[in-house]
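Residue-level listing of the chains:
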Amino acid sequence: MRPYLFDCPILPEEFQFPSDYLSLALSNKFPDIEPWEFLSKDMAQSLRYYSFIHLTFPETMLVPFALASDLSGLYNEGWIVLACFDANSEKGKPIIRIYDGARSKVSPLNNVTYSSFSEWLNAAMKESKNYKAEKKEAEEAEEAEEAEEAEEAEEADNAELNKS
């Protein structure tokens, strides 16, 4: 499927995607950086979050390109996080600004920034590795708890049978 790169006149006139992002999007070979996902895979989501950012922070010129979302609450307590290109940056070399849904009143202009797409991607890869380790640990703890509860239920059933 062809990536959605805002092929319509809604982007600021002087804005250019960074070449490393374009190469990745056009190759359609995105790294697995769960809980992050690239918005270019989905036109509707791209437009939804583009509109959201511009309606919420009309003074900004941000172009969202990635979304972190984890409904389990393990990552950012379930709040969305958007990575956005700042269209007011140097042409073809936009800095990355982060919108954190848990701090929804804080402008992305006053939040975490990365100097380039590659710097953000490296940070997202590290973050993903930690997230996956925490997720696995939480799943294993949940499985152990379920096994313990099943064992306790079986012991209670056996005790009830022995009373009879």
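Quantities reported herein were computed from a predicted structural model and do not represent experimental measurements. Just so you know, the residues in each chain are numbered from 1, in the order the chain's sequence is written. Restriction of local features to residues with pLDDT of at least 70 applies here, the model being predicted, together with a cutoff of 80 or more for giving and counting side-chain atom pairs; totals for whole chains, interfaces and linings are based on all residues. The basis for the side-chain values is all heavy atoms of the structure; hydrogens and waters are excluded.

Undergrad: I would appreciate a short explanation of the layout of surface pockets in the present structure.
TA: Rolled over the atoms, a probe sized like a water molecule indicates the empty space that remains. Approximately 160 Å³ is the volume found for the largest pocket. Of all the secondary-structure elements, those providing two or more residues to the lining of the largest pocket are strand E4 (96-100) and helix H3 (117-163). Residue contributions to the lining of the largest pocket peak at 4 residues, all from H3. When residues are grouped by polarity, Ala, Val, Leu, Ile, Met, Phe, Trp, Tyr, Cys and Pro land in nonpolar, Asp, Glu, Lys and Arg in charged, and all others, Gly among them, in polar. Classifying every residue of the lining of the largest pocket by side-chain character gives 9 nonpolar, 2 polar and 2 charged. In this analysis the probe radius is 1.4 Å and the grid spacing 1 Å, with only protein atoms considered; a cavity is a set of points the probe fits into but cannot get out of, a pocket is an open set with protein on both sides within 12 Å along at least five of seven lines, and lining residues have an atom within 4 Å of a point. Grid points are joined across faces, edges and corners, and a volume is the space filled by probe spheres set on the points. Secondary structure follows DSSP: runs of H or I at least 4 residues long count as helices, runs of E at least 2 residues long count as strands, and numbering of each begins at the N terminus.

Undergrad: How do you make sense of the pattern of salt bridges when you look at a structure like this?
TA: Opposite charge on two side chains lets them pair, provided their charged atoms get close. Within this document, salt bridges are pairs made up of a side-chain nitrogen of Lys or Arg and a carboxyl oxygen of Asp or Glu, the two lying within 4 Å of each other. For the structure on display, the rule yields 4 salt bridges. For Glu 14, the salt bridge identified is with Lys 91, shortest N-O distance 3.6 Å. One end of the pair, Glu 14, is in the segment before helix H1 (19-27); the other, Lys 91, is in the loop between strand E3 (81-86) and E4, and 77 residues separate them in sequence. Given the relative accessible area of 46%, Lys 91 is considered partly exposed. Measuring nitrogen to oxygen at the nearest pair gives 2.7 Å for the salt bridge that ties Lys 135 to Glu 34. Taken together, the positions of Lys 135 in helix H3 and Glu 34 in the loop between H1 and strand E1 (36-38) put the pair 101 residues apart, joining distant regions of the chain. The rule is simple: take the accessible area with a 1.4 Å probe, protein chains only, and divide by the maximum for that residue type; under 20% is buried, over 50% is exposed, in between is partly exposed.

Undergrad: Whenever I open this one, the environment of Lys 91 confuses me. Can you help?
TA: Residues Lys 91 and Phe 17 lie 74 residues apart in sequence; the distance between their C-alpha atoms is 8.2 Å. Any two residues whose heavy atoms approach within 4.5 Å at even a single point are treated as in contact. Every residue in contact with Lys 91, bar those within four places of it in the chain, is listed here: Glu 14 and Gln 16.

Undergrad: Explain the nonpolar core to me, please; I cannot follow it from the model alone.
TA: One broad rule of soluble globular proteins: the nonpolar side chains tend to lie buried together. As used in this record, nonpolar core signifies buried Ala, Val, Leu, Ile, Met, Phe, Trp, Tyr and Cys residues forming a set joined through side-chain atoms within 4.5 Å. Counting residues in each nonpolar core, the largest one holds 30 residues, and the members touching the most others are Trp 36, Phe 38, Phe 65 and Trp 120. Looking at this core, the elements that each hand over two or more residues are H1, E1, strand E2 (62-68), E3, E4 and H3. Among the elements that line this core, the one with the most residues is H3, at 5 residues. In contact with Phe 38, not counting residues within four places along its chain, are Tyr 21, Leu 24, Phe 30, Pro 31, Ile 33, Phe 65, Ala 66, Phe 117, Trp 120 and Leu 121. Core analysis: the next-biggest nonpolar cluster, separate from the first, contains 9 residues, Tyr 49, Ile 53, Phe 57 and Leu 67 among them.

Undergrad: Is there a simple way to think about the pairing of E4 in this case?
TA: A regular strand places its side chains on the two faces of the sheet in alternate fashion. Most of E4 is tucked away, with 5 of its 5 residues classed as buried. The alternating pattern of E4 places Ile 96, Ile 98 and Asp 100 and Arg 97 and Tyr 99 on opposite faces, both of which are buried. For two strands to count as paired, DSSP must find a minimum of two bridges between them. Of the strand pairs in this sheet, E3 and E4 are connected by 5 bridges, and their pairing is antiparallel. Note that in E4 the partner of Cys 84 across the bridge is Arg 97. Sheet topology places E4 next to strand E5 (residues 113-114); 2 bridges connect them, and they run antiparallel. Within E5, the position partnered with Ile 96 by the bridge is Tyr 114.

Undergrad: Please explain the environment of Ala 83 as it appears in this structure.
TA: Within the element layout of this structure, Ala 83 appears in strand E3. Exposure remark for Ala 83: the relative accessible area of 0% places this residue in the buried category. Sequence separation of Ala 83 and Ile 98 is 15 residues, and the distance between their C-alpha atoms is 4.8 Å. If we skip the residues at most four places from it in the chain, Ala 83 touches Trp 36, Val 63, Pro 64, Phe 65, Ala 66, Ile 96, Arg 97, Ile 98 and Trp 120.

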